[in-house]
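This is what each chain is made of:
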Amino acid sequence: MSFSYTLWFAFFGLILGHVPGAVTGAVIGFIFDNLRHSQRKNATPEVGGYVGPLFTLLGAVAKSDGRVSEAEIAVAERLMTRMGLDAEQRKQAAVSFNVGKQPEFDVTRTINELRQWVGMRRDHAFPVLDVVIETVLAEGNPAPEKMAILRQLAFALRVSDMELMALMAMKGYAWNAGGQRGYGRSQQGYGSTGGGYVPPQRTPQGPDPYAVLGIERSADDRAVKRAYRKLISEHHPDRLGDLPEDMRKRAEARASEINAAYDRIKEQRGFK
């Protein structure tokens, strides 16, 4: 359990009221730390609770540009295999996928279900996004409708555009969210506003290490190290608990990409 509140409240109590203030502050901080720990523990998602809404969303993403391709179906089938779904579970996943394919399907409710499943666990948000990104990129440079759903999901899971750009970079795609004039946040969420859309582009030279760490090339060495420590902490597979092996492997792959990006930058800059 983290004791950050305990330490901070004790520190401020010491400044304001010397030793008695530090003791009082520590007690108050400890109460907050316990409350936060209980919330996080209770927010741990139920294994398997995401399967239905996840495949429903994959169907919606696949159909969002008007047609479902063989590549998008193949992504869904590979996911079923990697998740170790049995025959009945595969059948239910296929039904969910087909529900998402229906004309005028509204993704908002499904995204809310995934948000409720993730709860306060941001480390569980990244594997969900990773799966959806696979479908978004199944045919290469994605249509704006696909990116609109992806950004709406990321926003609901409290993942910023910068973090989403980093996840795309790990897949070998360069994407500049700030330059997307074709996107605007409407009352319904993220949606295409027409004109100026530039899709994520595959980078033949491999992932940009700075994009993977979510930093500018102008960042100083201290900022590089800080970004690395933050990312490796959030994406470490040991944080995932008892989630399915497929999600753990995705976390391991992301951690490997983060380490590789950091090593490339260190080599280029000559620091340890």
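Residues take numbers from 1 onward in each chain, read along the sequence in its written order. Owing to the predicted nature of the model, reporting of local features is limited to residues with pLDDT of at least 70; listing and counting of side-chain atom pairs is limited to 80 or more, with chain, interface and lining totals taken over all residues. With hydrogens and water set aside, each side-chain value is computed from the structure's full complement of heavy atoms.

## Quick word on the overall build of the chain
Looking only at helices and strands, the chain features 11 helices and 4 strands. For every residue, the accessible area obtained with a 1.4 Å probe (protein chains only) is divided by the maximum for its type, and the residue is called buried under 20%, exposed over 50%, and partly exposed between those limits. Counting every position in the chain, which comprises 272 residues, the buried fraction comes to 46%. By definition in these notes, contact holds between two residues if any of their heavy atoms fall within 4.5 Å. In the chain, the share of contacts with a sequence separation of at least 24, taken over all contacts with a separation of at least 6, comes to 72%. Accessible surface computed for the chain: about 14400 Å², of which carbon and sulfur atoms make up 55%. Runs of H or I in DSSP of at least four residues are treated as helices and runs of E of at least two as strands, each being numbered from the N terminus. To be clear on the numbers: accessible area is Shrake-Rupley with a 1.4 Å probe, and residue cover counts the displayed protein chains and nothing else.

## Re the pattern of salt bridges
Just to be clear on terms, a salt bridge is a Lys or Arg side-chain nitrogen sitting within 4 Å of an Asp or Glu carboxyl oxygen. By the definition in use, this model includes 12 salt bridges. Its salt-bridge partner being Lys 146, residue Asp 65 comes within 2.8 Å of it at the nearest N-O pair. With Asp 65 in the loop between helix H2 (51-63) and helix H3 (70-82) and Lys 146 in helix H7 (residues 144-156), this residue pair connects regions lying 81 residues apart in the sequence. Residue class for Asp 65 comes out partly exposed when judged on its relative accessible area of 31%. Given the relative accessible area of 1%, Lys 146 is considered buried. Residue Asp 221 pairs with Arg 269 through a salt bridge whose shortest N-O separation is 2.8 Å. Of this pair, Asp 221 sits in helix H10 (residues 221-234) while Arg 269 sits in helix H11 (residues 245-269); the two residues are 48 residues apart in sequence, bridging distant segments of the chain. Residue class for Arg 269 comes out partly exposed when judged on its relative accessible area of 26%.

## Observations concerning the packing of aromatic side chains
Any two rings among Phe, Tyr and Trp, with Trp reduced to its six-membered ring, count as a pair given centres within 6.5 Å; such a pair is stacked if its planes are under 30 degrees apart, edge-to-face if over 60, and tilted if neither. Counting across every chain of the model gives 2 aromatic pairs. With a centroid separation of 4.7 Å and 50° between ring planes, the pair formed by Tyr 50 and Trp 117 is classed as tilted. Note that Tyr 50 is positioned in the loop between helix H1 (4-42) and H2 and Trp 117 in helix H5 (residues 108-118), a separation of 67 residues in sequence. Each of the two residues, Tyr 50 as well as Trp 117, counts as buried. Taking 4.0 Å as the distance between ring centres and 5° as the angle between the ring planes, the aromatic pair formed by Tyr 228 and Tyr 262 counts as stacked. Here Tyr 262 lies in helix H11 and Tyr 228 lies in helix H10, a separation of 34 residues in the sequence. Grouping residues by exposure puts Tyr 228 and Tyr 262 together as buried.

## Details of the packing of H5 against H7
Here an axis means a line fitted to C-alpha atoms, over the contact stretch when the element is a helix, while the angle between two N-to-C directions is reported on a 0 to 180 degree scale. Contact geometry for H5 and H7: axes closest at 9 Å, N-to-C directions at 35°. The interaxial crossing formed by H5 with H7 has right-handed handedness. Listed contacts from H7 to Thr 108, Ile 111, Leu 114 and Arg 115 of H5 are Ile 149, Gln 152, Leu 153 and Ala 156. Helix crossings get a hand from a simple test, with the near helix turned counterclockwise from the far one by less than a right angle marking a left-handed crossing and a clockwise turn marking a right-handed one.

## A look at the packing of helix H6 (residues 122-136) against helix H8 (residues 161-170)
Two numbers describe a pair of packed helices, the interaxial angle and the distance between the axes. Their axes nearest at 11 Å, the elements H6 and H8 cross at an angle of 50°. In terms of their interaxial angle, H6 and H8 are classed as oblique. Between H6 and H8 lies a crossing whose hand is right-handed. Each of Arg 122, Phe 126, Leu 129 and Ile 133 in H6 lies in contact with H8, whose residues at this interface are Glu 163, Leu 164, Leu 167 and Met 168. The residue inventory of the contact of H6 with H8, partitioned by class, reads 6 nonpolar, no polar and 2 charged. Geometric relationships in this document are graded by angle, where less than 35 degrees denotes roughly parallel, more than 145 denotes roughly antiparallel, 65 to 115 denotes roughly perpendicular, and other angles denote oblique. Here the nonpolar group is Ala, Val, Leu, Ile, Met, Phe, Trp, Tyr, Cys and Pro; Asp, Glu, Lys and Arg are the charged ones; every other residue, Gly included, is treated as polar.

## Regarding the side chain of Ser 96
With respect to the helices, strands and loops of the structure, Ser 96 is situated in helix H4 (residues 87-100). Apart from the residues within four sequence positions on either side, Ser 96 is in contact with Gly 52, Phe 55 and Thr 56.

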